[in-house]
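# Coordinate inspection notes
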Amino acid sequence: MDETGKEDIIGQYIAFSKIYDEQRRLHGRTQKTIRETLRICSERDILREYLRICEKEVTSIMSFLFDKETIYRNHDNAMKKEYKKQANQEAAMKMLLKRKYSIEEIADVQGLTVEEVRELEAELLQNA
């Protein structure tokens, strides 16, 4: 606390971050999270003057960060799906080489379509 009885800027920022985290848990990465964070901080006199003056900029930055996080998360999910599909295709190729399983069985076990397994089989025959 400083001599006015209010926390210093770092303490206020920490409080802002805690409120934001709480609201994000409640509402996800939404505009409601941003609005509620700003409202609660204003009510509790946390960064009040700064947020009053720079509300549009803070809202814009927070929205941008949500969008950026969403983009990264979507990219990560897409990469995980791609790696899984590649692993399933490799396993399907091994199953095809053993010639113990039908195309339908391989597709079912590896989570591929029958057409995808047929394409893998054609690729194996072409490379043989």
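Attention here is on the structure that accompanies the text.

Calculation criteria
Residues numbered from 1 in each chain as written. Predicted model: local features only at pLDDT ≥ 70, side-chain atom pairs only at ≥ 80, totals over all residues. Heavy atoms only, no water. Helix = DSSP H or I, 4+ residues; strand = E, 2+ residues; numbered from the N terminus. Rg over C-alpha atoms; globule rule 2.2 N^0.38 Å. Buried < 20%, exposed > 50% of the residue type's maximum accessible area, 1.4 Å probe, protein only. Contact = heavy atoms within 4.5 Å. Areas by Shrake-Rupley, 256 points an atom, 1.4 Å probe, with all protein chains shown as cover.

### Side note on the overall build of the chain
Counting its secondary structure elements, the chain contains 5 helices and 0 strands. Traced from its N-terminal end to its C-terminal end, the chain shows the element sequence α-α-α-α-α. The C-alpha atoms of the chain give a radius of gyration of 27 Å, which is well past the 14 Å a tight globule of 128 residues would have. Each principal axis of the C-alpha distribution contributes one length, and for the chain these read about 80 × 25 × 25 Å. Looking at the chain as a whole, 27% of its 128 residues are labelled buried. Of all intrachain contacts in the chain linking residues separated by at least 6 positions in sequence, the fraction that spans at least 24 positions is 46%. For the chain, the exposed area adds up to about 9700 Å²; of that, 53% sits on carbon and sulfur atoms.

### Quick look at the environment of Leu26
Here Leu26 shows up in helix α1 (residues 9–27). Relative accessible area serves as the criterion here: at 58%, Leu26 is assigned to the exposed category. A sequence separation of 10 residues divides Leu26 from Phe16, and the C-alpha atoms of the two residues are 15 Å apart.

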